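The lines below spell out each chain.
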Amino acid sequence: MCAAEATASLLHVEENFSACLARIDALIFKPLLQAEPSDQKGKENFKLFLLLNDRFQALWNLTEENYRIVKQKCSTSESFCIQDIYIVWKGDLFLSLYIQYFVTFANYVVVHGFEHATKSKSEAWKHHKTVLKQFLTDFTSETSMSLALYTVLHKPIRDHIEQYILLLTKLNEVLKEGSEKDVITSAVKEYVKLESFISQVLDEACFTKTLWKSLGYKFTDMLCVPERRLLEDSRNLPISASTNRSDRILLFDDVLVLIQGNSFQSFDLKLVWVDENCREKSAPGLYGLRVITPEETFFLSAKDPQMKAVWQWKLNQAIRQALNGKRDFPLWGKTGEGTEPPSCRFFTYVFRLESKFKSASYEGEWHWGKPHGKGTVKWRDGRNHVGDFKEGLEHGFGICLVPRRSEDRYDCYKCHWYEGKMRGYGICEYGNDMVYKGYFKDNMRQGFGILENHSAEHPFKYTGQWENDKKNGYGVWEDKDRGERYIGTWLDDHKHGQGIVVTQSGVCYQRTFHADKMVGSGILLLEDDSVYEGNFTEDLTFVGKGKLSFANGFILEGTFTNKSGQGLQTQGILNTSNEQPDERITKTQLGLKEFPVEKRWKGIYDQFLEFVHSGCKEETEESFTGFHIQTSKELRKSQEYLFCHRGTEDVSWKIEDILEELVHHQELESLQRYLEKALKSSLHPLGKLLKALTIAFQTTYSGIGANRHLLTMAQEEVKYYAKKIWEFYQGLLHLALEQKGQMPAKCVDGETSDQKACSVVLPLILPCFYPELFMLYMLYHEREDDLYCQGIVDLSLFPDIKLLEFLDVQKHLWPLKDLTLTTNQRRSLIKDKCFLSATECLQKLITTVDPREKLLILQKTYEEIESTVSRVVETDYKLPMDDLLPLLMYVVSRAKIQHLGAEIHLIRDLMDPTNQGGLYDFLLTALESCYEHIQRMRLHQRENCHLSHSS
């Protein structure tokens with residue numbers, strides 16, 4: 001058979017089929033469409049029949065269109081090709097319309113549609129019955145009208161498909177090997193599949209229809225829907241559920257149903273998992289399957305492995321097809337064929353049984369019956385949780401909204417969760433305008449955290465340790481209304497133990513607290529440098545025994561009372577023998593013994609070190625060290641992150657990359673470059689640790705906390721930060737080396753960990769703390785710097801030659817050639833020309849925060865002085881100490897550095913210990929001598945003025 005013959009045969013087939021469809025339409029569909037029932041069940045079936053009519057009309061129209069096209073080809077074309085055969089060219093369309101028709105037809109069969117239709121009481125239907133019976137006898141000898149309708153509406157169509165297959169098969173037999181033969185072969189296979197599909201669809205429909213007949217109305221009303229198909233019945237293929245679980249098991253294409261007496265349970269197949277590897281619960285001699293659903297797990301047992309295998313296969317294929325949202329084509333392959341359904345799925349489910357999720361809906365990813373992966377839980381009371389889940393519980397990052405009962409507001413938790421509870425770093429925005437940023441454990445604030453109240457009524461900020469959701473341990477509280485800052489220990493949300501209070505007015509006191517109340521004696525440091533030691537009230541009134549040391553050195557010791565209307569009264573002894581105040585009292589440093597530096601911010605260090613000890617797992621980094629990625633749209637909207645700023649960084653700081661890179665940066669210079677880069681990054685764990693410590697430091701010592709009595713606390717804190725950052729780095733390095741099977745290198749130069757921290761880390765982190773720290777140094781040395789500045793003002797009045805002479809600089813060292821004269825100018829009046837390069841060099845001291853760089857500037861200044869002298873004496877000249885001090889004094893007086901005392905002591909306190917006793921130490925001592933000498937000169941001048949006025 002050639003293409004032309006096939007086309008001619010197809011024309012004949014389509015002509016006969018179209019005529020058959022026309023008779024079916026006229027004698028069945030049109031009369032039944034006029035007989036619309038009045039009862040509810042009949043109306044539902046009638047809607048389905050309307051849809052079946054639509055499918056029939058679409059099939060008829062396609063046949064007519066195919067007939068017209070083939071007829072046109074036969075009348076006009078001289079040569080034919082495979083493309084002229086419409087059922088091949090438009091094969092997908094043919095298959096689709098036939099599938100739609102038979103699926104709808106099967107739906108009508110399942111709900112006993114033909115039985116209901118033939119019982120219609122319509123007059124039009126009764127009148128038509130006689131004519132219809134004559135037509136139906138051509139198709140079946142059965143007396144049943146419903147069976148005849150069933151037969152006539154599917155048999156001619158199935159027969160027509162067989163004609164397609166026969167025609168295409170004959171054509172395929174005569175075609176030579178090539179692309180055309182391949183096309184026809186493929187088409188034949190698809191129509192054979194269609195034939196198999198129709199057969200299976202009708203078998204399933206009849207199987208399901210029989211089931212609904214056998215079940216009572218209670219089950220039918222609740223379970224019977226047109227699209228649902230029965231795939232297997234335990235009465236047909238025996239299998240039993242767990243003991244006393246069910247009398248009958250029904251597998252449909254969308255649900256698994258267990259019937260027990262007059263009740264049943266149904267399980268959506270999209271959330272059913274079947275595990276064949278189960279040994280428990282299977283009685284001896286039985287072969288079991290474990291069925292897992294979101295809230296229940298039960299066992300199915302078969303008497304032989306073949307039955308178990310069939311049930312397992314049918315269950316898995318039904319589950320897979322339900323997940324795909326469509327049936328296979330054909331519906332079933334051979335037993336054992338077909339892929340397993342995925343264990344990971346996405347679905348929505350409402351929990352029913354008693355649990356933390358009772359009545360809540362979960363939409364998201366599942367794995368073996370449990371929420372696992374990304375998902376959203378919504379409770380009826382308004383709570384929402386969006387985030388990561390693991391084995392049925394919140395685990396990983398999540399955002400939880402909890403409505404407040406009394407207000408139309410929510411508490412919003414952006415946190416890490418562990419096995420269903422908040423654990424690790426998180427942010428909570430409470431509905432009452434408070435915000436907490438810190439660590440949680442078991443749904444409670446635990447460890448380091450910051451709580452801030454943004455409301456206008458009582459704004460405050462607490463930064464410190466938490467335990468069991470309460471302030472416990474060391475913390476800093478700032479009361480913005482009162483203008484006070486409390487630095488000290490807490491117990492169960494109360495100030496308890498030793499505490500320091502700093503006020504906006506400059507008053508500072510240290511006291512013992514008990515449940516927010518001051519007890520015992522304390523020390524009160526007033527803004528005029530007076531110091532009171534004893535008992536005092538909350539409004540800072542002296543009471544009882546105490547000692548008041550005045551700024552002029554006088555000391556009043558006795559008993560203080562404060563009677564209403566009479567003011568402060570005392571009985572005691574006034575000691576006026578001290579002419580100078582005792583700096584040990586006026587510059588008292590608070591908190592050193594009471595708050596050991598290693599216990600101040602333990603909550604921060606613990607989290608970072610625990611991260612190292614846990615193996616630095618990528619998935620736990622955020623939990624330990626804070627957020628470093630934008631996890632959701634909600635997080636992108638706010639930038640309230642404790643340990644990092646959001647920003648684009650070129651460098652990738654994944655943990656695995658960090659550990660890999662650490663190994664390659666162990667040499668000193670390379671290590672310093674790496675640490676500098678890491679500490680500046682808001683994404684690197686070292687940078688996050690530094691950020692957290694910076695926040696803690698600023699919280700304590702900036703603003704109100706800028707009080708000179710806290711200088712030593714702040715200074716030792718910065719040094720300790722360097723030590724802990726070095727310790728954290730060492731932990732990361734050791735872990736990186738362990739993973740490579742290497743051992744950490746031993747320190748060859750004998751430096752201790754503290755020395756390394758001071759020499760390597762401290763200079764890198766100091767810029768973060770310098771503004772607050774230097775302010776404390778300025779306040780601490782304010783008196784000395786004021787006296788020094790007055791001395792500088794006095795010395796600045798001297799011309800260069802007069803100043804050199806006044807400072808006893810040897811004349812042969814004077815750079816007179818630098819004193820260039822202009823018209824009418826005398827050499828003796830020229831200022832700021834001598835040792836100009838050294839002066840400009842020393843002025844750079846205030847341009848850097850690094851003690852190392854400040855010492856280098858000091859060394860450069862010394863070299864510039866020596867260079868100038870060498871030029872003057874015209875020989876290489878090494879300055880002895882006797883010559884250096886006067887010259888350095890001159891340079892210092894001309895450099896006019898405002899807070900030189902603060903600079904000197906900051907360098908002294910924070911310089912690398914290895915520089916002690918060397919050149920840098922010598923030069924710093926020389927600078928300090930100049931500073932003190934200028935103070936003494938000014939003090940001596942003041943005393944002379946005082947004596948002259950007295951006389």
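This report concerns the structure included in the present document.

How each quantity is defined
Residues numbered from 1 in each chain as written. Predicted model: local features only at pLDDT ≥ 70, side-chain atom pairs only at ≥ 80, totals over all residues. Heavy atoms only, no water. 1 Å grid on protein atoms, 1.4 Å probe; cavity = no way out; pocket = protein on both sides within 12 Å on 5 of 7 lines; lining within 4 Å. Points joined across faces, edges and corners; volume = space filled by probe spheres on them. Helix = DSSP H or I, 4+ residues; strand = E, 2+ residues; numbered from the N terminus. Pairing = 2+ DSSP bridges. Axes fitted to C-alpha atoms, helices over the stretch in contact; angles between N-to-C directions. Contact = heavy atoms within 4.5 Å.

## What to know about empty space enclosed by the protein
Across all of its chains, the model carries two cavities of 30 Å³ or more by this definition. In this model, the largest cavity occupies a volume close to 50 Å³. As for the largest cavity, its lining consists of C758, L762, P763, L766, D850, P851, R852, L910, M911 and D912. Elements represented by at least two residues in the lining of the largest cavity include exactly α20 (753–780) and α24 (851–873). At four residues, α20 tops the list of elements feeding residues into the lining of the largest cavity.

## A short note on the pairing of strand β11 (residues 370–378)
Bridge count for strand β10 (residues 361–367) against β11 is six bridges, and the pairing is antiparallel. When the bridges of β11 are listed, G364 appears paired with G375. The hairpin formed by β10 and β11 contains two residues between the paired strands, and W368 there has a positive phi angle of roughly 50°. Sheet analysis places β11 next to strand β12 (residues 384–390), joined by six bridges and oriented antiparallel. Counted as the bridge partner of T376 is V386 from β12. Taking the residues between adjacent antiparallel strands as the criterion, β11 and β12 are bridged by five residues, where G382 takes a positive phi near 105°.

## Focus on the sheet that holds strand β5 (residues 263–268)
Across the sheet, four strands lie side by side as β1-β3-β4-β5; this open sheet has antiparallel pairing. Across the chains shown, the open sheet's two edge strands, defined by having one partner strand only, are β1 (230–233) and β5. Averaged over all pairs of adjacent strands, the angle between their axes in this sheet comes to 20°, without regard to strand direction. Strand direction decides the pairing type here: strand β3 (residues 248–252) and strand β4 (residues 255–260), joined by four bridges, are antiparallel. Note that in β4 the partner of L251 across the bridge is L256. Strands β1 and β3 of the sheet are contacted by helix α9 (residues 179–214), whose axis makes an angle of about 60° with β1. The sheet strands contacting helix α11 (residues 305–324) are β1, β3 and β4, and the helix crosses β3 at an angle near 40°.

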